[in-house]
Amino acid sequence: MPATSPTSVPELAEGLRSVGYLPGESTALVSFLATKLGKPVLVEGPAGVGKTELAKALARFLDRRLVRLQCYEGLDEAKALYEWNYRKQLLRIQTESEDAGWQDVQGDIFGEEFLLQRPLMTAIASEDPVVLLIDEIDKTDQEFEAMLLELLSDFQISIPELGLIAARTQPVVLLTSNNTRELTEALKRRCLYLWLDYPDLEHELQIVRLHSPELEETMARKLVEVVHMVRELDLKKPPSIAESIDWARALLLLGAQDIDEGTFRSTMSVIVKHRTDLDIVAERVGVKLRPAEAVAGDARPAA
Ligand SMILES: Nc1ncnc2c1ncn2[C@@H]1O[C@H](COP(=O)(O)OP(=O)(O)O)[C@@H](O)[C@H]1O
Ligand SMILES: [Mg+2]
């Protein structure tokens, strides 16, 4: 079956929606260009705004396998590209006859059979086109970035013992970054750029309703309004879409009928996860959720 290939931005947007991802305008546009131009996309933005999910959704819609490289500090080529399977090589050497020369042994143990493919190599070597997700690239160092650059411009890997392995198919490549460090200009130059931010109210409402369709519309709207209010405070970690979705699920489970001050205070740790943030939020937002009479009551001088 030929993989899906969208022919317009609206078609791609509709495709993403059909697999459970509601793209904003620029998300649909940049994703479309990525499938057409064969350029990697660098997706930057705060945590929990749908960067990783975009890659997953694209793979679902394009009907391609998702190959994911999760980056972390100290990630090296052996874990990202390939490494030799030393154990297997050793076993092979032990079974070689005593009089086998080095040439024979070398020829035997440096074949594809002894290669452990890591995600980047898997994506390059794949017979069918894949979506390659290089997740949280900002966690690696610049050296690793430089190695990636080569790979992203040529889509090939050179293995000294084996020669050049060139991509047989064009992968759709997404790199994500939580913006914890500035990426190099060289990397940015090679990529299309997508900045994903917290969505506007209506967009987030749609996303929450998609994930929790059982939550009543008015509740969902209030939830999103409160989350937006919380985001406006100066917090260490503002709540993301992921937290909105979790909160909707929690409220459903608890059978909450309204988001009043009590409900808010008892569940706000689902969306706010720092001690100091909790204090700020309780004070600034909790109060706003008090029913009007109570607020009026507060204003009366103590008898
Ligand atoms: N546009 C969207 N449509 C549907 N779900 C979304 C959207 N954006 C974010 N989500 C949901 O929000 C959660 C967090 O997204 P994720 O991709 O893990 O964030 P990030 O990688 O940016 O930290 C996921 O459950 C994801 O399904
Ligand atoms: Mg992510």
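Residues numbered from 1 in each chain as written. Chains lettered and ligands numbered in written order. Predicted model: local features only at pLDDT ≥ 70, side-chain atom pairs only at ≥ 80, totals over all residues. Heavy atoms only, no water.

This brings us to the pattern of salt bridges. It is possible for side chains of opposite charge to pair when their charged atoms get near one another. Applying the stated rule across the entire model yields 20 salt bridges. Of the charged contacts, one joins Arg221 and Glu202 as a salt bridge, the two residues approaching to 2.9 Å between their closest N and O atoms. Note that Arg221 is positioned in helix 11 (residues 217–232) and Glu202 in helix 10 (residues 201–211), a separation of 19 residues in sequence. Under the relative-accessibility criterion, Glu202 is labelled partly exposed at 42%. Here the salt bridges do not stand alone but share partners, grouping Glu202, Arg209, Glu217 and Arg221 into one network. (Salt bridge = Lys/Arg side-chain N within 4 Å of Asp/Glu carboxyl O. Helix = DSSP H or I, 4+ residues; strand = E, 2+ residues; numbered from the N terminus. Buried < 20%, exposed > 50% of the residue type's maximum accessible area, 1.4 Å probe, protein only.)

As a further point, take the pairing of strand 5 (residues 130–135). Most of strand 5 sits inside the fold, with six of its six residues counted as buried. Looking at chain direction, strand 2 (residues 65–70) and strand 5 are connected through six bridges and run parallel. Looking across to strand 5, one finds that Arg68 is bridged to Leu133. Here strand 5 pairs with strand 8 (residues 172–177) via four bridges, running parallel. (Pairing = 2+ DSSP bridges.)

With that settled, the discussion passes to the sheet that holds strand 8. The strand order across the open sheet built from five strands is 2-5-8-1-9, with neighbouring strands paired in parallel fashion. Edge positions in the sheet fall to strand 2 and strand 9 (192–195), since each has one partner strand and no second. Taken pair by pair, the neighbouring strands of this sheet meet at an average axis angle of 20 degrees, ignoring direction. Where strand 1 (residues 41–44) meets strand 9, four bridges bridge the pair, whose relative direction is parallel. In the strand pairing of strand 9, Glu44 is matched with Trp195. Relative to the sheet, helix 2 (residues 25–37) contacts strand 1, strand 8 and strand 9, its axis offset from that of strand 9 by approximately 160 degrees. (Axes fitted to C-alpha atoms, helices over the stretch in contact; angles between N-to-C directions. Contact = heavy atoms within 4.5 Å.)

Mapped onto the elements of the fold, Asp277 is located in helix 14 (residues 275–286). Spatially, the C-alpha atom of Asp277 lies 36 Å from that of Cys191, the residues being 86 residues apart in sequence. What Asp277 contacts, discounting residues up to four positions off in sequence, is Leu235, Lys236, Lys237 and Val272. A polar contact of 3.1 Å, which involves the side chain of Asp277, links it to the backbone nitrogen of Lys237. (Polar contact = N/O pair within 3.5 Å; in protein donor to acceptor, adjacent residues only side chain to side chain.)

Another aspect to go through is the packing of aromatic side chains. The final tally for this structure, using the stated rule, is three aromatic pairs. Ring centres of Tyr82 and Trp84 lie 6.4 Å apart, and the angle between their planes is 80 degrees; this geometry places the pair in the edge-to-face category. Under the relative-accessibility criterion, Trp84 is labelled buried at 8%. On the basis of an interplanar angle of 85 degrees and a centroid distance of 4.9 Å, the ring pair of Trp84 and Phe110 is categorised as edge-to-face. With a gap of 26 residues between them, Trp84 in strand 3 (residues 82–84) and Phe110 in the loop between helix 6 (102–109) and strand 4 (115–117) connect regions that are remote in the sequence. In this pair, the class of Trp84 matches that of Phe110, namely buried. Cluster of aromatic residues (ring-pair linked, three or more members): Tyr82, Trp84 and Phe110. In this structure, Lys88 is placed above the aromatic ring of Phe114, and the distance from its NZ or CZ to the ring centre is 5.6 Å. (Phe/Tyr/Trp six-rings, centres within 6.5 Å; stacked < 30°, edge-to-face > 60°. Lys NZ or Arg CZ within 6 Å of the ring centre and 35° of its normal.)

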